[in-house]
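Single-letter residue listing:
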Amino acid sequence: MIRVGIVGASGLAGGELIRLVLQHPDLELTYLGGNSSAGKRPAQLHPGLRLDLGLTVEAVDADVLAERCDVVFLATPAPVSAELAGLLADRVNVIDLSGAFRIRTPELHEKWYPKAARSTELADRFVYGVPELIGEQLVGAPLISVPGCYATAITLGLAPLTLGLGLNLKTVVVDGKSGSSGGGLQLRTADLHPLRNGAIAPYAPVGHRHAAEVSDFLERGKPGTVGSLTMSAYGVSHVRGLMASAYVFTDDPVSERDLQRAYLRFYKGSRFVRVRRNNETLIPVPDPQAVLGSNYCDVTVLHDADGGRIVVLAALDNLVKGAAGQALQALNLRYSLPEETGLTMQPVMPA
């Protein structure tokens, strides 16, 4: 059995990690770490977890983590992850769910995560990426940085264009909409129910750090290029789930048929990316509610000939494929397990 520790056990991603680890046949949960939640049982923090795990949340101790765990998930804010990763590297395998090591370029990292101080040497050791795109690099990787939820959806949506067809994308404009769980459990007035319910709140209308993350990753990929990638993000009244709509402009000739074939070919054999036609089901898809509770990302590509653009839609559950599920998928690949192990749950709809 692979011994697993979760730091940040009281948060939403931490709770989702506990749930997924418990149903994984090759994992044993041996450590729960936290700060203000120290001394509490998982069931006190996460009402859905009634099982007595024989564990309580402990104050974080790097020595204890290294002794009791083979792999540690860091579901912590970026500054905390940056500090803990420095203490744990070379002692235990680390899978970080924060933004501490997602952006490789030092200047971009400093712009978007100024409080997450890290050494360039440590950052260069982390393997970043969506498993569908860099799976072979995850095998045996001791340090893994899990992409952000929006970044996962956007990258999976654009990869067939750049990495598959090799298109040069002049301009990409992303419209993102996410449920309230994307903001975690931090108390903010704007997230109170009387203000959030029914709202479409433009909380990042002129820039989002996940756009920088995607650009940083795709710039290192070949053969296609991305000239400009910008993003606006909105909070909606759902709890789980997000939709990333990418409007792509390119001078390279492409047809609807080319696009459909390219996406089907690119994700052939991918366990968790479902290429879908927009009109194939009772409701237009992708739709976040059609993936809730699962590790799927649904992707649709459309050619807007009149508008001179490609429209790419991607939907996922931000707490599963956008966080804990993808982290577990990365663990499976790191240990050469079937990547779907512990992740075969189907979406729950309606939810």
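Report follows, based on the coordinates. (Residues numbered from 1 in each chain as written. Predicted model: local features only at pLDDT ≥ 70, side-chain atom pairs only at ≥ 80, totals over all residues. Heavy atoms only, no water.)

Regarding the overall build of the chain
Turning to step 1, where the next piece is worked out: Of the regular secondary structure elements, the chain holds 12 helices and 14 strands.
Turning to step 2, where the next piece is worked out: Scaling as 2.2 N^0.38, a compact globule of 351 residues should have a C-alpha radius of gyration of about 20 Å, and the chain matches this with 20 Å.
Turning to step 3, where the next piece is worked out: With respect to the three principal axes, the spread of C-alpha positions in the chain is 60 × 45 × 35 Å.
Turning to step 4, where the next piece is worked out: Burial statistics for the chain: of 351 residues in total, 54% are counted as buried. (Helix = DSSP H or I, 4+ residues; strand = E, 2+ residues; numbered from the N terminus. Rg over C-alpha atoms; globule rule 2.2 N^0.38 Å. Buried < 20%, exposed > 50% of the residue type's maximum accessible area, 1.4 Å probe, protein only.)

Details of empty space enclosed by the protein
Turning to step 1, where the next piece is worked out: Using the criterion set out here, one finds one cavity of 30 Å³ or more in the structure.
Turning to step 2, where the next piece is worked out: By volume, the largest cavity amounts to about 30 Å³.
Turning to step 3, where the next piece is worked out: Taken together, G129, P131, L138, I144, S145, V146, P147, Q326 and A330 form the lining of the largest cavity.
Turning to step 4, where the next piece is worked out: Of all the secondary structure elements, the ones that give two or more residues to the lining of the largest cavity are α7 (131-138), β7 (143-145) and α12 (320-334). (1 Å grid on protein atoms, 1.4 Å probe; cavity = no way out; pocket = protein on both sides within 12 Å on 5 of 7 lines; lining within 4 Å. Points joined across faces, edges and corners; volume = space filled by probe spheres on them.)

Quick notes on the pattern of salt bridges
Turning to step 1, where the next piece is worked out: By the definition in use, this model includes 17 salt bridges.
Turning to step 2, where the next piece is worked out: As a salt-bridge pair, R309 and D304 come within 2.7 Å of each other at their nearest N and O atoms.
Turning to step 3, where the next piece is worked out: Look at R309 and you get partly exposed, because its relative accessible area is 28%.
Turning to step 4, where the next piece is worked out: Judged by relative accessible area, D304 falls into the partly exposed class, the value being 23%.
Turning to step 5, where the next piece is worked out: In the salt-bridge network here, residues are joined through shared partners; they are E16, R19, R240 and D317. (Salt bridge = Lys/Arg side-chain N within 4 Å of Asp/Glu carboxyl O.)

Quick word on the sheet that holds strand β10 (residues 225-236)
Turning to step 1, where the next piece is worked out: Within the open sheet, the seven strands sit side by side as β9-β10-β8-β11-β14-β13-β12. Their pairing is mixed. The two strands at the open ends of the sheet, each matched to only one other strand, are β9 (200-204) and β12 (273-275). Between one strand and the next, the sheet's axes are offset by a mean angle of 25°, whatever the strand orientation.
Turning to step 2, where the next piece is worked out: Where β9 and β10 come together, three bridges link them in antiparallel fashion. Residue pairing in the sheet places A201 in a bridge with G235 of β10. (Pairing = 2+ DSSP bridges. Axes fitted to C-alpha atoms, helices over the stretch in contact; angles between N-to-C directions.)

Section: the environment of R68
Turning to step 1, where the next piece is worked out: For R68, the position within the fold is in helix α3 (residues 62-68).
Turning to step 2, where the next piece is worked out: Residue classification places R68 among the partly exposed residues on the basis of a relative accessible area of 27%.
Turning to step 3, where the next piece is worked out: Distance from R68 to N279, taken between C-alpha atoms, is 50 Å for residues 211 residues apart in sequence.
Turning to step 4, where the next piece is worked out: Setting aside its immediate chain neighbours within four residues, R68 contacts R3, T30, Y31 and E58. (Contact = heavy atoms within 4.5 Å.)

Focus on the nonpolar core
Turning to step 1, where the next piece is worked out: By size, the foremost hydrophobic cluster in this structure holds 81 residues, and its most contacted members are I6, F73, L158, L161, V172 and I310.
Turning to step 2, where the next piece is worked out: Broken down by element, this core gets its largest block of residues, nine residues, from helix α8 (residues 149-164).
Turning to step 3, where the next piece is worked out: Discounting chain neighbours no more than four positions away, the residues touching F73 are V4, G5, I6, V7, L17, V21, I95, L97, A327, L328 and L331.
Turning to step 4, where the next piece is worked out: With 25 residues, the next largest nonpolar core counts L65, A78, A82 and A100 among its residues. (Core = buried A, V, L, I, M, F, W, Y, C linked by side-chain atoms within 4.5 Å.)

Points about the environment of F217
Turning to step 1, where the next piece is worked out: Take F217: it is sitting in helix α10 (residues 209-218).
Turning to step 2, where the next piece is worked out: On the basis of relative accessible area, F217 is assigned to the buried category, the value being 11%.
Turning to step 3, where the next piece is worked out: Apart from the residues lying within four places of it in its own chain, the contact partners of F217 are Y128, G129, L133, I134 and T155.

Things to note about the side chain of H208
Turning to step 1, where the next piece is worked out: Along the chain, H208 falls in the loop between β9 and α10.
Turning to step 2, where the next piece is worked out: Its relative accessible area of 12% is what places H208 among the buried residues.
Turning to step 3, where the next piece is worked out: Side-chain polar atoms of H208 contact the backbone nitrogen of H210, separated by 3.0 Å.
Turning to step 4, where the next piece is worked out: Once residues within four sequence positions are removed from consideration, H208 is found in contact with W112, Y150, Y203, M231 and A233. (Polar contact = N/O pair within 3.5 Å; in protein donor to acceptor, adjacent residues only side chain to side chain.)

Describing the packing of aromatic side chains
Here the distance between the centres and the angle between the planes together describe a pair of aromatic rings.
Turning to step 1, where the next piece is worked out: Throughout the structure, instances matching the rule amount to four aromatic pairs.
Turning to step 2, where the next piece is worked out: Aromatic side chains F101 and F126 sit 4.0 Å apart centroid to centroid with 10° between the ring planes, which places their arrangement in the stacked category. Here F126 lies in the loop between α6 (120-125) and β6 (127-128) and F101 lies in the loop between β5 (93-96) and α5 (106-112), a separation of 25 residues in the sequence.
Turning to step 3, where the next piece is worked out: Judged by relative accessible area, F126 falls into the buried class, the value being 1%.
Turning to step 4, where the next piece is worked out: For the ring pair F266 and Y267, a centre distance of 4.9 Å and an interplane angle of 80° mean the geometry is edge-to-face.
Turning to step 5, where the next piece is worked out: For F266, a relative accessible area of 25% gives the class partly exposed.
Turning to step 6, where the next piece is worked out: For Y267, a relative accessible area of 4% puts it in the buried group.
Turning to step 7, where the next piece is worked out: Seen from the ring of Y296, R274 lies directly overhead, with NZ or CZ sitting 4.3 Å from the centre.
Turning to step 8, where the next piece is worked out: Between the NZ or CZ atom of R334 and the centre of the ring of Y335, over which it lies, the distance is 4.3 Å. (Phe/Tyr/Trp six-rings, centres within 6.5 Å; stacked < 30°, edge-to-face > 60°. Lys NZ or Arg CZ within 6 Å of the ring centre and 35° of its normal.)

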